[in-house]
Amino acid sequence: MAAPGAEDLPGGAMLGSGQMGEAPATPCCSESDDERKNCKEKSDINIAALVEKEQVNECTDNGDLSSYVSAFIEKEVGNDLKSLKKLDKLIEQMTESKMQLEGQVLTISSEIPKRIQSALKNAEESKQFLNQFLEQETHLFSSINSHLLTAQPWMEDLGAMINQIEELERHLAYLKWISQIEELSDKIQQYLMTNNVPEAASTLVSMAELDIRLQESSCTHLLSFTRATVKFWHKILKDKLTSDFEEILAQLHWPFLTPPQAQTVGLSRPAGAPEVYGNLETLFCQLLKLQTSDELITEPKQLPEKYSLPASPSVILPVQIMLTPLQKRFRYHFRGNRQTNVISKPEWYLAQVLMWIGNHTEFLDEKIQPMLDKVGSSVNARLEFSRGLVMLVLEKLAADIPCLLYDDNLFCHLVDEVLLFERELHSVHSYPGTFANCMHILSEETCFQRWLTVERKFALQKMDSMLSSEAAWISQYKDITDVDDMKVPDCAETFMTLLLVITDRYKNLPTASRKLQFLELQKDLVDDFRIRLTQVMKEETRASLGFRYCAILNAVNYISTVLADWADNVFFLQLQQAALEVFAENNTVSKLQLGQLASMESSVFDDMINLLERLKHDMLTRQVDHVFREVKDAAKLYRKERWLSLPSQSAQAVMSLSSSACPFLLTLRDRLLQLEQQLCFSLFKIFWQMLVEKLDIYIYQEIILANHFNEGGAAQLQFDMTRNLFPLFSRYCKRPENYFKHVKEACIVLNLNIGSALLLKDVLLTASGQPPASAALNEIGIYKLAQQDVEILLNLRTNWPNTA
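Residues numbered from 1 in each chain as written. Predicted model: local features only at pLDDT ≥ 70, side-chain atom pairs only at ≥ 80, totals over all residues. Heavy atoms only, no water.

**Describing the overall build of the chain**
Piece 1. Per the secondary structure count, the chain includes 27 helices and zero strands.
Piece 2. Looking at the chain residue by residue over its 804 residues, the buried ones come to 38%.
Piece 3. Considering only residue pairs separated by 6 or more positions, the chain has 76% of its internal contacts joining residues 24 or more positions apart.
Piece 4. For the chain, the exposed surface amounts to about 45,800 Å²; the carbon and sulfur share of it is 54%. (Helix = DSSP H or I, 4+ residues; strand = E, 2+ residues; numbered from the N terminus. Buried < 20%, exposed > 50% of the residue type's maximum accessible area, 1.4 Å probe, protein only. Contact = heavy atoms within 4.5 Å. Areas by Shrake-Rupley, 256 points an atom, 1.4 Å probe, with all protein chains shown as cover.)

**Description of the pattern of salt bridges**
Piece 1. Overall, the coordinates contain 27 salt bridges when judged by the stated rule.
Piece 2. A salt bridge links Asp408 to Arg450, with the nearest nitrogen and oxygen atoms 2.1 Å apart. In this pair, Asp408 is assigned in helix H11 (residues 408-427) and Arg450 in helix H13 (residues 445-468), connecting sequence segments 42 residues apart. Here the two residues Asp408 and Arg450 agree in accessibility, since each one is buried.
Piece 3. A salt bridge links Asp464 to Arg532; the shortest N-O distance between them is 2.2 Å. Of the two residues, Asp464 is situated in helix H13 and Arg532 in helix H15 (residues 512-539); the sequence distance between them amounts to 68 residues.
Piece 4. Under the relative-accessibility criterion, Arg532 is labelled buried at 18%.
Piece 5. Connected via shared salt-bridge partners are Asp408, Arg450 and Lys457. (Salt bridge = Lys/Arg side-chain N within 4 Å of Asp/Glu carboxyl O.)

**Things to note about the nonpolar core**
Piece 1. The biggest cluster of nonpolar side chains holds 195 residues, and the ones touching the most others in it are Leu280, Trp451, Phe495, Leu563, Phe687, Leu725 and Phe729.
Piece 2. For Leu280, the contacting residues outside a window of four places in its chain are Phe245, Ile248, Leu249, Leu252, Phe363, Ile368 and Met371. (Core = buried A, V, L, I, M, F, W, Y, C linked by side-chain atoms within 4.5 Å.)

**A few points about the packing of helix H5 (residues 220-251) against helix H6 (residues 273-289)**
Piece 1. Orientation of H5 relative to H6, taken along the N-to-C sense of each, is 145 degrees, at an axis distance of 10 Å. Considering only the axes of H5 and H6, their crossing is left-handed. Listed contacts from H6 to Leu241, Thr242, Asp244, Phe245, Ile248, Leu249 and Gln251 of H5 are Val276, Asn279, Leu280, Leu283, Phe284, Gln286 and Leu287.
Piece 2. By residue class, the composition of the contact of H5 with H6 is nine nonpolar, four polar and one charged. (Axes fitted to C-alpha atoms, helices over the stretch in contact; angles between N-to-C directions. Left-handed = near helix turned anticlockwise from the far one by under 90°. Nonpolar A, V, L, I, M, F, W, Y, C, P; charged D, E, K, R; others polar.)

**Overview of the packing of aromatic side chains**
Piece 1. Counted by the stated rule, this structure contains 32 aromatic pairs.
Piece 2. Seen from their ring centres, Trp688 and Tyr739 are 5.0 Å apart, and the 75 degrees between their planes marks the pair as edge-to-face. Residue Trp688 is found in helix H22 (residues 681-704), and its partner Tyr739 is found in the loop between helix H23 (711-725) and helix H24 (741-750); the two are separated by 51 residues along the sequence.
Piece 3. The exposure class assigned to Tyr739 is partly exposed, which follows from its relative accessible area of 35%.
Piece 4. Between the aromatic rings of Phe729 and Phe740, the centroid separation amounts to 5.6 Å while the plane-to-plane angle is 55 degrees, which identifies the pairing as tilted. With Phe729 in the loop between H23 and H24 and Phe740 in the loop between H23 and H24, this pair connects stretches of sequence that are eleven residues apart.
Piece 5. Its relative accessible area of 0% is what places Phe729 among the buried residues. (Phe/Tyr/Trp six-rings, centres within 6.5 Å; stacked < 30°, edge-to-face > 60°.)

**Quick notes on the side chain of His440**
Piece 1. Turning to its location among the elements, His440 is positioned in helix H12 (residues 438-442).
Piece 2. Not counting residues up to four positions away in its chain, the partners in contact with His440 are Tyr307, Ser308, Leu309, Pro310, Phe435 and Pro510.

**A look at the environment of Leu525**
Piece 1. Considering the arrangement of structural elements, one finds Leu525 in helix H15.
Piece 2. The exposure class assigned to Leu525 is buried, which follows from its relative accessible area of 1%.
Piece 3. For the pair Leu525 and Ala459, spaced 66 residues apart in sequence, the C-alpha to C-alpha distance is 7.8 Å.
Piece 4. Excluding residues within four positions of it along the chain, Leu525 makes contact with Ala459, Leu460, Met463, Phe495, Leu499 and Ile502.

**Side note on the packing of H15 against helix H19 (residues 606-634)**
Piece 1. At their nearest, the axes of H15 and H19 sit 10 Å apart, and the two run at 15 degrees to each other. Considering their axes alone, H15 and H19 lie roughly parallel with respect to each other. Here H15 and H19 pass one another in a crossing that is left-handed. Only Met608, Leu611, Leu612, Leu615, Met619 and Arg622 of H19 make contact with H15, whose side of the interface consists of Lys523, Val526, Asp527, Arg530, Thr534 and Met537. (Parallel < 35°, antiparallel > 145°, perpendicular 65-115°, else oblique.)

**Some details on the side chain of Ser560**
Piece 1. Topologically, Ser560 is positioned in helix H16 (residues 547-566).
Piece 2. In terms of polar contacts, Ser560 uses its side chain to reach the side chain of Glu613, at 2.6 Å.
Piece 3. For Ser560, the contacting residues outside a window of four places in its chain are Ile609, Leu612 and Glu613. (Polar contact = N/O pair within 3.5 Å; in protein donor to acceptor, adjacent residues only side chain to side chain.)

**Quick look at the environment of Ile748**
Piece 1. One can find Ile748 in helix H24.
Piece 2. Ile748 sits in the partly exposed class, given a relative accessible area of 24%.
Piece 3. Taking the C-alpha atoms as reference, Ile748 lies 7.7 Å from Gly781; in sequence the two are 33 residues apart.
Piece 4. Sequence-distant contacts of Ile748, that is, excluding residues within four places in its chain, are made with Ile780, Gly781 and Ile782.

**Focus: helix H3 (residues 87-193)**
Turn by turn, an α-helix covers 3.6 residues, leaving residues three or four places apart pointing in a common direction.
Piece 1. An ideal rise of 1.5 Å per residue puts 159 Å on 107 residues; H3 reaches only 135 Å between its terminal C-alpha atoms.
Piece 2. Just beyond H3, the residue with positive phi is Asn195, at close to 60 degrees. (Expected span 1.5 Å × (residues − 1).)

**Topic: unusual backbone geometry**
Piece 1. Cis geometry is adopted by the peptide bond preceding Pro255, which originates at Trp254 and carries an omega value of 0 degrees.
Piece 2. When you line up the elements, Pro255 lands in the loop between H5 and H6.
Piece 3. Phi at Asn195 takes a positive value of approximately 60 degrees, unusual for a residue other than glycine.
Piece 4. Within the fold, Asn195 resides in the loop between H3 and helix H4 (197-213).
Piece 5. Taking relative accessible area as the criterion, Asn195 reaches 53% and is therefore assigned exposed.

**Here we look at a nonpolar patch on the surface**
Piece 1. A contiguous nonpolar patch, built from Leu65, Tyr68, Val69 and Ile73 and spanning about 360 Å² of accessible area, is present on the exposed surface.
Piece 2. As for its position among the elements, Val69 is in helix H2 (residues 65-76). (Patch = residues over 30% accessible without salt bridge, like charges linked within 9 Å, V, L, I, M, F, W, Y side chains within 5 Å.)

**With respect to the confidence of the model for the chain**
Piece 1. Of all residues in the chain, 86% attain a pLDDT of 70 or more, and the chain-wide mean is 86.
Piece 2. Of the regions scoring below 50 in pLDDT, residues 1-62 engages in 44 contacts with residues more than four places distant in sequence or in other chains. (pLDDT = per-residue confidence, 0-100.)

**Some points on the environment of His617**
Piece 1. As for its position among the elements, His617 is in helix H19.
Piece 2. The partly exposed category is assigned to His617, whose relative accessible area is 47%.
Piece 3. Through-space distance from the C-alpha of His617 to that of Leu683 is 9.7 Å; in sequence the pair is 66 residues apart.

Right, dumping it as structure tokens:
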């Protein structure tokens, strides 16, 4: 059925063909659930009807209606005439379907205009509501503006009043602060008038805390007033307490200028010793209360920033007072034109400071530390005392170093003494490495670079002297076999001791970057020493078996071994981690090298170890070649032995060594004994194994493969090898024949009895390259030689039967 015309739509609106199956727009007013459900069902029916109608129209438009009908009848009736009885039923079904479709179309045609009208009505109502809201908004906006204009003078007056109130509150708070400070000041005055110093000190602590709370305030005059008040009372209390404290210390004969064993304080104590120590504790604790105010008003002495000293609080006030007489003595003796102030004698003031620390340690630990523990302080009395004295040393060093920076001997002496001072300070007196110490002064850029330069200079001089010494290539422990396993020449041991001393000198430097610079110096020295060894070695090349050449080889091996051991040391592992961070920041190495360093596959000494190992291998190769040439020359007669015409074993009463083998076996024995004595165990092991490898190939290729053998010749060869050559190496390993695999297996093949040899030959011919051939070879003890080699050896035999 056709859709309704345009005149059926209100307002003459046209409904496009694309809109026929679409659901209507949701109206502004809400619908009930039943209405929504009915609408959805009707929409589904509408879609189904339209689809079916569209299919029929499509068939009609294409002129295929008759084809469609024919196909439908063919499907329902077919060729069976009895099926014609179904026509009435089909006509009824089709008629009923037609009526249903017409009803659905009529329903949809009547429903759509109503829904459109409802939607338009809702839209109109929404538009009216919106206009009303806009009118209300305009009216409200004008009312608000009018109210704001009316209230503006009130707001200005109210703002001015609020500002006045805030200003008054600030003035009131300001006056309260002044009142509070004056109140505390009055209390301190009253306490002092009644000689109640402890309460006065406690009140001063409260005033100092107020000062700290005011640090962020912008009231500069209030800050100045508070600080001046704190300073005024602090000076009065400090002067009074200091005077009393010094008087008590004088009764105890402070400071102690002699060692504890020689001190007579304990023997000649005053009659009221408990009372003296009680007063000492009281005054100490009262002075300790002034620490907060003292830090506020006293600017701590600081060395220039170039020394990069770690941040640290001031020495506590009572310890400062205890240090005062020692500071006066130090400045009196070690400054100015005093005879004790000699720039070339830094050990004088360094030893004096160490002695003072040692003299007072017992008193500080037994008398002063309990006082600090009693008030809950975490300060260590002995370390505070040491820190105050060390600062004197740092000031002295900072003043003296520029004066002797370019005198190598004086500067080197100063560094040596400072390092000894630091070692004793840390080891004996437990001075922490995190505190300011002399290494910070030596780490200053100018001083540090000079230190590196001097260290390099004196190390090179030491290397020159050790290499030119008459005992340079002699081991110090040559007569002690248990100690002399490495056969280390004196120059190599002295050099590694030098490197070890350098490590001890710089290991306490405060920063990793400085330590890495020293590590580079050590690596440069190792490389320089390697070059020097190479130069001496080249001079000895013609005597590669000589004593000096072997000593050089032992030296190279020793240095390489020690560096490999150092690579696993915790200190150098920490340096490796520091170097890894520096390399990662600067991108100075590849990602592969970074990964190797991070995974500990390589070490900081790998480059040096690789160069030393290469030199060691070259020197060993030269020695092996030298001995091998000598053995070859001595074996010329043995090569020309008439193996074809030697008598059989049964024809000889006793087998004996071939006379032509004696020269080369004697030469070999002598060289092995000589090098065993001159080379260390690890080097000699490498040497004889390299030599055996060359000998094995030489005898196999130049003697065995170059000749033919009768039964007697094969037996003689086997006797010479197994009973004479192999035993030369039996003192170095349990089974020397395993190192002569070619020779050993060749002797087996040449000495097979006739039957076994014929059978083996047949197997090799019939099973070329097959597993049975390998099995047959393994069965007779052949594992190294290939099948082709065995066939060649079989062909070298001359004792085949005529039938063969």
